[in-house]
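Structure at a glance
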Amino acid sequence: MHPNVAFTPLPALYTPEQRARRDATRWTLVQGVLAPLQFLVFAVSLGLVLRFLATGEGLAWAHASVVLKTLVLYTIMVTGCLWEKVVFGRYLFAPAFFWEDVFSMLVLALHTLYLVLLWQGATAPHTLMGVALAAYAAYVVNATQFLLKLRAARLQEVRHAAPATANREAPWTRA
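Residues numbered from 1 in each chain as written. Predicted model: local features only at pLDDT ≥ 70, side-chain atom pairs only at ≥ 80, totals over all residues. Heavy atoms only, no water.

So, about the pattern of salt bridges. Applying the stated criterion across every chain yields a total of 3 salt bridges. Note that E57 is salt-bridged to R51, the shortest N-O span being 3.4 Å. We classify E57 as partly exposed; its relative accessible area is 46%. (Salt bridge = Lys/Arg side-chain N within 4 Å of Asp/Glu carboxyl O. Buried < 20%, exposed > 50% of the residue type's maximum accessible area, 1.4 Å probe, protein only.)

Set out below in structure tokens:
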């Protein structure tokens, strides 16, 4: 770091009260289950979409997988809003998760666009799969945002716990 640049620590992700609410709500567990499930559905669906684009086979399976991915996305978004309300007192756009929520709106819009185009039945399959891939690219960015936020929260908790243990003498230093 340049000597003339001051380091300003990032504000805490959670206040102690928010952390307690986060740890006490069932929505934290729900999110913890749905997030990896959504990723698994995404990975399978991505494979099916790419298979269709490469071979022209499996269109029905690709469509079904994108619809399932979208339903899981809607579920995680609704439960995420409930989680955010419990922890931060608002359903969306809490300052700690503002940009993640903004990008989530893009992810939702692209997935919903896919459903609308599929329902209308007038869009070429390759175009639909292009929309699915755009939705999936946005999802990957959004998932990365949340993983980075989760990592920041864990680091914050480690830093928060460190002062309590830092003042203890190591057992091997005692005479």
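What follows picks up the thread again.
Once that is clear, we can look at the packing of helix α1 (residues 16-24) against helix α3 (residues 59-88). Here α1 crosses α3 at 140°, and the two axes come no closer than 8 Å. When the axis of α1 is compared with that of α3, the two are oblique. Regarding α1 and α3, the two cross each other, and that crossing is right-handed. Contacts between α1 and α3 pair Q18, R21 and R22 from the former with W83, V86, V87 and F88 from the latter. Within the contact of α1 with α3, the residues separate by chemical class into 4 nonpolar, 1 polar and 2 charged. (Axes fitted to C-alpha atoms, helices over the stretch in contact; angles between N-to-C directions. Helix = DSSP H or I, 4+ residues; strand = E, 2+ residues; numbered from the N terminus. Parallel < 35°, antiparallel > 145°, perpendicular 65-115°, else oblique. Left-handed = near helix turned anticlockwise from the far one by under 90°. Contact = heavy atoms within 4.5 Å. Nonpolar A, V, L, I, M, F, W, Y, C, P; charged D, E, K, R; others polar.)

On to a nonpolar patch on the surface, then. Residues L37, L40 and V44 make up a contiguous nonpolar surface patch of about 260 Å² in total accessible area. Mapped onto the secondary structure, L37 falls in helix α2 (residues 26-55). (Patch = residues over 30% accessible without salt bridge, like charges linked within 9 Å, V, L, I, M, F, W, Y side chains within 5 Å. Areas by Shrake-Rupley, 256 points an atom, 1.4 Å probe, with all protein chains shown as cover.)

The subject of this paragraph is the confidence of the model for the protein chain. Averaged over all residues, the pLDDT of the protein chain equals 87, while 85% of them reach at least 70. A low-confidence stretch, residues 169-175 (pLDDT under 50), is modelled with 1 contact involving residues beyond four sequence positions or located in other chains. (pLDDT = per-residue confidence, 0-100.)

Regarding α1, the residues found buried are Q18, R19 and R22. For α1, the angular spread of buried residues about the axis comes to 100°, placing them on one side. Along α1, the residues that are exposed and aim more than 90 degrees away from the buried face are P16, E17 and A24. (Arc of directions from axis to C-beta.)

With that out of the way, let us pick up the layout of surface pockets. Any empty space left between atoms is shown by rolling a water-sized probe over those atoms. Computed from the structure, the largest pocket encloses a volume of approximately 910 Å³. If you go around the largest pocket, you meet 34 residues; those closest to its centre are Q31, A35, I76, F146 and L147. A total of 12 residues in the lining of the largest pocket trace back to one element, the largest contributor, which is helix α5 (residues 125-166). Grouping the constituent residues of the lining of the largest pocket by class yields 20 nonpolar, 8 polar and 6 charged. (1 Å grid on protein atoms, 1.4 Å probe; cavity = no way out; pocket = protein on both sides within 12 Å on 5 of 7 lines; lining within 4 Å. Points joined across faces, edges and corners; volume = space filled by probe spheres on them.)

Now for the side chain of E84. Mapped onto the fold, E84 is located in helix α3. One buried charged residue, E84, remains without a salt bridge, the closest side chain of opposite sign being R90 at 6.2 Å. Beyond its immediate sequence surroundings of up to four residues, E84 is in contact with G89, R90, Y91, L92, F93, A94, F97 and D101. (Lys, Arg positive; Asp, Glu negative; His and termini not counted.)

Side chains of a nonpolar character, in soluble globular proteins, are inclined to be buried together. Judged by nonpolar contacts, the single largest core of 23 residues is most densely connected at A62, V66, L73, Y114 and M129. For this core, the elements supplying multiple residues, two or more each, are α2, α3, α4 (98-120) and α5. Counting residues per element, this core draws most heavily on α5, which supplies 8 residues. In this structure, Y114 is in contact with A62, H63, V66, L128, M129, V131 and A132, ignoring residues within four places of it in sequence. By size, the runner-up hydrophobic cluster in this structure holds 10 residues, among which are Y14, W83, V87 and A96. (Core = buried A, V, L, I, M, F, W, Y, C linked by side-chain atoms within 4.5 Å.)

Two descriptors summarise a pair of aromatic rings, namely the distance from one centre to the other and the angle between the planes of the rings. By the definition in use, this model includes 10 aromatic pairs. When the centroid spacing of 5.7 Å and the interplanar angle of 50° are considered together, the rings of F93 and F98 count as tilted. With centroids separated by 6.0 Å and ring planes inclined at 20°, the aromatic side chains of F97 and F146 adopt a geometry described as stacked. Here the residue F97 occupies a position in the loop between α3 and α4, and F146 occupies one in helix α5, the gap between them amounting to 49 residues. Taking the relative accessible area as the measure of exposure, F97 reaches 6% and is therefore buried. (Phe/Tyr/Trp six-rings, centres within 6.5 Å; stacked < 30°, edge-to-face > 60°.)

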